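# Geometric and topological summary
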Amino acid sequence: MGFLSRLVSKINGTIPNQNQSKSDTQTKETIGSNPLEVSENKNIEHNVSQNFITEGQQKDAAAENSIKKCSQSDNEISSKIESTNETSTQEDEPKGSAEGKPEIMMSSIEEKNLYSNSLSEQRYAWHKYLSSILSSIETDKVGNLKHFSIFIRKIPGCKYQWNDEAFKKELLYALEPYDCASHIGSATFNIEIVLDKIFQQVAAKTINEIQFKQEFKDIILFGSKKETTEQKFATAIDKRAFVINELLKKFRSSTGTDTKLMENLTIIVIRNEDDDDMAEYDWIGKRFEDDLRRELTNAFLEKIGSKSLQIALRPKSGTEGCICLIDNQVYYKWSKTDTLENDSPKVTSNARLVATLSIIEGTGSLMKPSYTLDSDQKKTYHIGRGVASRKNGIYRINDIVIKDKEADLELLKCNGHVSGTHADIVFKNNKFYIKAAIGGCRATGGSPTKIIRNEKETELRDTSLLYPLSDGDIIELGKNVLLVYTLTESNSLPSNPKKENLNNAMSIDDSF
């Protein structure tokens, strides 16, 4: 192999083949036969070799520069990796640990989706975020998670349409595999979006031994063994029912009153002056007023608010002189009455009312041939199958008894459609009324109760409504049993001062 060929091979890293070697040898021998040609060829080889050497040096220099650049890039990448590791190490520590408030880390994309304009993205991000928080709960007192609420600080301009019943069910289902978290919301479970002021109040609240609280950046987890007032105020239906129940308990001692002092009632609902979201007061309205009037009437408190019943939304400063019903939420007051000339006690002629109930032959069977209703003896008569029935540990004694044991199979079949807690007959305003009990109302899963008058029937579809009875009315219990209501001539007799003493040792519950 000639010098030139070896030099080319060295620079290019190639090895010439055998044919090339033979060709080079032949060329060298041919050239070597002429001294002049040898001299010229040596100059050519020198020049070519110089050119190749220069090109080789340039390539080597370029390679060195590339290696330096790669080395610099590797150093930069290593620095970035170290910086990232330091950052991730810092982020692994809970945010706000100085304040004792741990924070679950999320990727920037997931955190952005919490407040996305897309409902599906919001729903997925909040589900993932809340499930990661709740699944990390640890407590020895799992009973304190029975009534559970999640308070989320409201961010202005953001919508929280993902917060519905389906979302709550999905969230609780996701927590079932976790030992501690599976006890969350076993009785009630709420997710509340609240203003910063309310959020701070919840954060400042001191818990007791039957409560649980854990705070995060914009979320507070609160659990309780017993349901708190805040937890009871969850939906509009819950709020209406809760306030009405509190009012009835407050006025229970006034049952049967006819004083004009209670004719004008104003209920004041406290409004947060910093809150422009009227959804917080969605339970206030005509539905609440109608429900309240009905419940007052059924509790013999119809005089309360009979002349004026107002519901006002005011700031806390507007409750001066009012009576507290639910602390910091609902108050009430009585409006002044100009005159009380009709309010002084006076003797009224409360006529004694006596009626009988008898059964139409072949429609069923009673324990007695007929039953007497005497307003001087009792104000409420229970109707049902069997002498007594029991519900939730409370016994109900029936006054008008449909036989639960009967030799005649046809009559037994008729009686079988009557509930043990079927209906009640109530004396009120010098008249007997009938109302369906739970077992005698189809709306509550019971058998129907109907009044037949002038061959027209009316079904009692609400357990809270009273229907007046008239002489000759037929009461249908279940599908077959027919009772005839008949007034007697003794309704004009004077009141009998000897009344039945109903203050027995056993407490009879009239709420069936």
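Residues numbered from 1 in each chain as written. Predicted model: local features only at pLDDT ≥ 70, side-chain atom pairs only at ≥ 80, totals over all residues. Heavy atoms only, no water.

On to the overall build of the protein. Tallying secondary structure elements over the protein gives 11 helices and 21 strands in all. The buried share among the 512 residues of the protein stands at 35%. Excluding contacts between residues fewer than 6 apart, the proportion of contacts in the protein whose partners are at least 24 apart in sequence is 65%. Accessible surface, the protein as shown: approximately 30900 Å² in total, 49% of it carbon and sulfur. (Helix = DSSP H or I, 4+ residues; strand = E, 2+ residues; numbered from the N terminus. Buried < 20%, exposed > 50% of the residue type's maximum accessible area, 1.4 Å probe, protein only. Contact = heavy atoms within 4.5 Å. Areas by Shrake-Rupley, 256 points an atom, 1.4 Å probe, with all protein chains shown as cover.)

Another point: the packing of aromatic side chains. For the structure shown, the criterion picks out 12 aromatic pairs. Between Phe-251 and Tyr-332, the aromatic rings sit 5.5 Å apart at their centres with planes inclined by 90 degrees, giving edge-to-face as the arrangement. Within this pair, whereas Phe-251 is found in helix 9 (residues 236–251), its partner Tyr-332 is found in strand 8 (residues 330–334), the two being separated by 81 residues in sequence. Judged by relative accessible area, Tyr-332 falls into the buried class, the value being 5%. Between Phe-251 and Trp-334 the ring centres are 5.4 Å apart and the planes differ by 45 degrees, which places this aromatic pair in the tilted class. Within this pair, whereas Phe-251 is found in helix 9, its partner Trp-334 is found in strand 8, the two being separated by 83 residues in sequence. Its relative accessible area of 3% is what places Phe-251 among the buried residues. For Trp-334, a relative accessible area of 27% puts it in the partly exposed group. (Phe/Tyr/Trp six-rings, centres within 6.5 Å; stacked < 30°, edge-to-face > 60°.)

Spatial ordering of the open sheet is given by 2-1-4-3, a layout of four strands whose pairing is mixed. The sheet is open, and its two borders are formed by strand 2 (188–194) and strand 3 (211–215), each paired with just one other strand. Put simply, the sheet's adjacent strands are angled 15 degrees from each other on average, direction ignored. Where strand 1 (residues 147–153) and strand 2 come together, seven bridges link them in parallel fashion. The residue bridging Ser-149 from the neighbouring strand is Asn-190, located in strand 2. Its contacts with the sheet place helix 5 (residues 119–134) against strand 1, strand 2 and strand 4 (219–224), and it is angled at close to 55 degrees to strand 4. (Pairing = 2+ DSSP bridges. Axes fitted to C-alpha atoms, helices over the stretch in contact; angles between N-to-C directions.)

Turning to the packing of helix 5 against helix 6 (residues 165–174), a few remarks are in order. Taken N-terminus to C-terminus, the directions of helix 5 and helix 6 make an angle of 40 degrees; their axes are 10 Å apart at the nearest point. Here helix 5 lies oblique to helix 6, going by the angle between them. Classified by chirality, the crossing of helix 6 by helix 5 is right-handed. From helix 5, Arg-123, Trp-126, His-127, Leu-130, Ser-131 and Leu-134 reach across to helix 6, where they touch Ala-166, Phe-167, Glu-170, Leu-171 and Ala-174. Among the residues making up the contact of helix 5 with helix 6, the classes are represented as seven nonpolar, two polar and two charged. (Parallel < 35°, antiparallel > 145°, perpendicular 65-115°, else oblique. Left-handed = near helix turned anticlockwise from the far one by under 90°. Nonpolar A, V, L, I, M, F, W, Y, C, P; charged D, E, K, R; others polar.)

Tracing the backbone through its elements, the reader meets Asn-328 in the loop between strand 7 (323–326) and strand 8. In this structure the C-alpha to C-alpha distance between Asn-328 and Arg-271, which are 57 residues apart in sequence, comes to 9.4 Å. In contact with Asn-328, other than residues within four places in its own chain, are Ile-270 and Lys-316.

Our next topic: the pairing of strand 5 (residues 264–270). Summarising burial for strand 5: seven of the seven residues are buried, a large majority. As judged from the five bridges shared by strand 5 and strand 8, these two strands associate in the antiparallel manner. Pairing of Ile-267 across the sheet is with Tyr-332, part of strand 8.

Here the focus is the confidence of the model for the protein. Put simply, the protein has an average pLDDT of 75, and 66% of its residues get 70 or more. When the criterion is pLDDT under 50, residues 338–349 qualifies, and its contacts beyond four places in sequence or with other chains add up to eight contacts. Considering only residues more than four positions removed or in separate chains, one finds that residues 497–512, a stretch of pLDDT under 50, has 24 contacts. (pLDDT = per-residue confidence, 0-100.)

Attention now moves to a nonpolar patch on the surface. Among the surface-exposed residues, Met-367, Val-387, Tyr-395 and Ile-397 lie close enough to one another that they form a single nonpolar patch of about 350 Å² accessible area. Note on placement: Met-367 falls in the loop between strand 9 (354–359) and strand 10 (370–374). (Patch = residues over 30% accessible without salt bridge, like charges linked within 9 Å, V, L, I, M, F, W, Y side chains within 5 Å. Salt bridge = Lys/Arg side-chain N within 4 Å of Asp/Glu carboxyl O.)

In spatial order, the strands read 10-9-21-20-17-18; together these six strands make up an open sheet with antiparallel pairing. Of all the strands in the sheet, the pair left with one neighbour each is strand 10 and strand 18 (456–459). Taken over all neighbouring pairs, the strand axes of this sheet differ in orientation by 25 degrees on average, direction set aside. Pairing of strand 17 (residues 449–453) with strand 18, which is carried by four bridges, proceeds in the antiparallel orientation. Across the sheet, the residue bridging to Ile-451 is Thr-458, located in strand 18.

On to the side chain of Arg-153, then. For Arg-153, the position within the fold is in strand 1. Only 2.3 Å separates the side chain of Arg-153 from the side chain of Asp-196, close enough to count as a polar contact. Polar side-chain contacts of Arg-153 include one of 3.1 Å to the backbone oxygen of Lys-217. In contact with Arg-153, not counting residues within four places along its chain, are Tyr-160, Val-194, Asp-196, Phe-199, Gln-200, Lys-217 and Asp-218. (Polar contact = N/O pair within 3.5 Å; in protein donor to acceptor, adjacent residues only side chain to side chain.)

Tallied over the full model, the rule gives 19 salt bridges. A salt bridge links Arg-153 to Asp-218, with the shortest nitrogen-to-oxygen separation between them at 2.8 Å. On the criterion of sequence distance, the pair formed by Arg-153 in strand 1 and Asp-218 in the loop between strand 3 and strand 4 is long-range, its members being 65 residues apart. The exposure class assigned to Arg-153 is buried, which follows from its relative accessible area of 18%. Residue Asp-473 pairs with Arg-453 through a salt bridge whose shortest N-O separation is 2.7 Å.

What follows covers helix 5. Residues spaced three or four apart along an α-helix point in a common direction, a consequence of the helix completing one turn every 3.6 residues. Taking 1.5 Å of rise per residue, 16 residues should cover 22 Å, and helix 5 covers 22 Å from first to last C-alpha, within 8% of that figure. Of the residues making up helix 5, those classed as buried are Gln-122, Ala-125, Trp-126, Tyr-129, Leu-130, Ser-131, Ile-133 and Leu-134. (Expected span 1.5 Å × (residues − 1).)

Further remarks concern the environment of Lys-428. You can see Lys-428 is positioned in strand 15 (residues 423–428). If we skip the residues at most four places from it in the chain, Lys-428 touches Thr-297, Phe-300, Glu-302, Tyr-433 and Leu-466. At 3.3 Å, the side chain of Lys-428 and the backbone oxygen of Thr-297 are in polar contact.

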